[in-house]
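Below are the chains, spelled out letter by letter.
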Amino acid sequence: MPSDCSTADGRTAVNTALAPSGPPSARLILLFAIACGSAVANVYFAQPLLVTLGEQFALGPGLLGAIVAITQLGYAAGLFLLVPLGDLVDRRKLITLQLGLLAAALLIAGLAPGTAALLTALAAVGALAVVAQTMVATAAHLTAPAFRGRVVGAVTSGVITGILLARTVAGAVADLAGWRAVYLLAAVVTATLAILLRLALPTDRPPTATMPYRRLLASTVVLFARHPLLRVRGMLALLVFASFSTLWSSVVQPLSSPPWSLTHTAIGAFGLAGAAGAAAAGAAGRWNDRGLAQRTTGTALVLLTVSWLPLAFTRQSLWALAIGAVLLDFAVQAVHVTSQSLIYAAQPDAGSRIIGGYMVFYSAGSALGAIGSSTAYAAAGWPAVSTLGATFSGAALLLWATTRRREPVA
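Residues numbered from 1 in each chain as written. Predicted model: local features only at pLDDT ≥ 70, side-chain atom pairs only at ≥ 80, totals over all residues. Heavy atoms only, no water.

## What to know about the overall build of the protein chain
Selection criterion: The helix count covers DSSP runs of H or I at least four residues long, the strand count covers runs of E at least two residues long, and both are numbered beginning at the N terminus. The buried label goes to any residue with under 20% of its type's maximum accessible area, the exposed label to any with over 50%, and the partly exposed label to all in between, with areas taken from a 1.4 Å probe on protein chains only. The criterion used for residue contact is that any of the two residues' heavy atoms lie within 4.5 Å. Every accessible area reported is derived by Shrake-Rupley at a probe size of 1.4 Å, with residue values counting cover from the shown protein chains alone.
Looking only at helices and strands, one finds 17 helices and two strands in the protein chain. A buried classification covers 55% of the 410 residues belonging to the protein chain. Considering only intrachain contacts with a sequence separation of at least 6, the fraction spanning at least 24 residues in the protein chain is 84%. Looking at the protein chain as shown, the accessible area adds up to about 16200 Å², and 71% of this sits on carbon and sulfur atoms.

The following block contains the structure:
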């Protein structure tokens, strides 16, 4: 089999004989979506378990926050340090190795005898959960350009759905069998997915980059400095996911207090409403493939901003929350899918580095929304949270409107 030819800057001229002529099989796409959702869900399992973990390990309020923070810090580190490896080594081996190590980290978390072991394991869980982004890049690599949007959309739907359902699943399993069962069950699921992907992924995928690892990491920064499209879509990701996190990081507070005073199970059910919107947004990938990337982005950002109108009435109507959640999650997913399709096309041979760098913006936006919404709620209640979410959304719409003529149409 002929090999690829490396260029002077580390890029690879891909042999057209190896280029895909269509999408991967429906079975592989579904497996990618499930594995992505499962991997990312591991990052969010601790959130509904914080009170229980505090009692188990005698942690004060400050250290409870550290449980969430250390997992997110691990995730951010993994995005920069691990995801680019997909351009340097065989992705089949990388994905299955990371999933195997993730299963081990989850097992250690579930069996952790003390605080230090728990925090170390959760940091590793966060870092290794970025295998989801390697899978997104791999799905894009295995797909012909004409089908790439819909495939990325289908796989990315798994990521968003995993985020939204993680809290519900963790709460339900913990109620039935205790908090340790959450991580032990996740370890079994992750190990099973590693085996299934090892069997399903093709074995003849050559590396797309030939350069030292240190230079590979530096090239991620260079890529974003070189391509305005990557910077714009990265900033859109930051603002869109700040809006997303503003809702889902703080909505538990009005729902758990009067007049609603809902149980954890009932609160988790609203994640199902958001998941419905995220699943429906798979259509965004098909629209991107038809050359409607800009129209899809603009429409989605308008919907994102409008979604905060019903969300503002969460204290008065649960139907308003449900409608707003579907609109918000549909819009977030549509922008996210479209952005990943566009940025991957900018330089396919650097797909893993581009996706990893883009997701750093996503992570920063998620953290910004979480911190901002908790501060806003403490200062002025739900109206301040709604204003903050609408501000992030409006800023994203303004950014797109002022930069859209610099981007490709499709």
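## With respect to the packing of helix α1 (residues 26-44) against helix α8 (residues 179-200)
Convention followed: Note on geometry: axes are lines fitted to C-alpha atoms, helical ones only across the stretch in contact, with angles between N-to-C directions running from 0 to 180 degrees. Roughly parallel covers angles under 35 degrees, roughly antiparallel covers those over 145, roughly perpendicular covers 65 to 115, and oblique covers all other angles. Two helices crossing with the near one rotated counterclockwise from the far one by less than a right angle form a left-handed crossing, whereas a clockwise rotation gives a right-handed crossing. Here the term charged refers only to Asp, Glu, Lys and Arg, the term nonpolar to Ala, Val, Leu, Ile, Met, Phe, Trp, Tyr, Cys and Pro, and the term polar to all other amino acids, Gly among them.
For the pair α1 and α8, interaxial distance at closest approach is 10 Å and the crossing angle is 150°. Relative to α8, the element α1 lies roughly antiparallel. Note on packing geometry: the crossing formed by α1 with α8 is left-handed. For the pair α1 and α8, the contacting residues are Leu-28, Leu-31, Phe-32, Ile-34, Ala-35, Ser-38 and Asn-42 in the first and Ala-186, Val-189, Thr-190, Leu-193, Leu-196, Leu-197 and Ala-200 in the second. Split by residue class, the contact of α1 with α8 holds eleven nonpolar, three polar and no charged.

## Examining the confidence of the model for the protein chain
As a general rule, the predicted coordinates of low-pLDDT regions are not to be interpreted in detail. Defined as follows: Per-residue confidence from the predictor is given as pLDDT, running between 0 and 100.
Per-residue confidence for the protein chain averages 83 on the pLDDT scale, and 87% of its residues sit at or above 70. Contacts of residues 1-17 to residues separated by more than four positions or lying in other chains number 34 contacts, the stretch itself having pLDDT below 50.

## With respect to the nonpolar core
We apply this condition: Side-chain atoms within 4.5 Å link the members of a nonpolar core, which is a set of buried Ala, Val, Leu, Ile, Met, Phe, Trp, Tyr and Cys residues.
Tyr-183 and Leu-197 are the most contacted members of the largest nonpolar core, which totals 112 residues. With residues up to four places along the chain from it excluded, the contact list for Leu-197 reads Leu-28, Leu-31, Phe-32, Ala-35, Ile-95, Thr-96, Leu-99 and Met-135.

## Things to note about helix α6 (residues 131-141)
A large share of α6 lies buried, amounting to ten of its eleven residues. Turning to α6, its buried residues number three or more, namely Val-131, Ala-132, Gln-133, Thr-134, Met-135, Val-136, Ala-137, Thr-138, Ala-139 and Ala-140.

## Topic: the environment of Gly-54
Tracing the chain through its elements places Gly-54 in helix α2 (residues 50-57). The exposure class of Gly-54 is buried, given its relative accessible area of 10%. Separated by 13 residues in the primary sequence, Gly-54 and Ile-67 place their C-alpha atoms 9.7 Å from one another.

## Quick notes on the packing of aromatic side chains
This is how the line gets drawn: Pairing of aromatic rings covers Phe, Tyr and Trp, the last through its six-membered ring, and needs centres within 6.5 Å; plane angles under 30 degrees mean stacked, over 60 mean edge-to-face, and all others mean tilted.
One pass over the structure, following the stated rule, counts six aromatic pairs. Ring centres of Phe-45 and Tyr-183 lie 6.4 Å apart, and the angle between their planes is 85°; this geometry places the pair in the edge-to-face category. Of this pair, Phe-45 sits in the loop between α1 and α2 while Tyr-183 sits in helix α8; the two residues are 138 residues apart in sequence, bridging distant segments of the chain. Here Phe-45 matches Tyr-183 in class, with each residue buried. Members of the aromatic cluster, connected to one another through ring pairs, are Phe-45, Phe-57, Trp-179 and Tyr-183.

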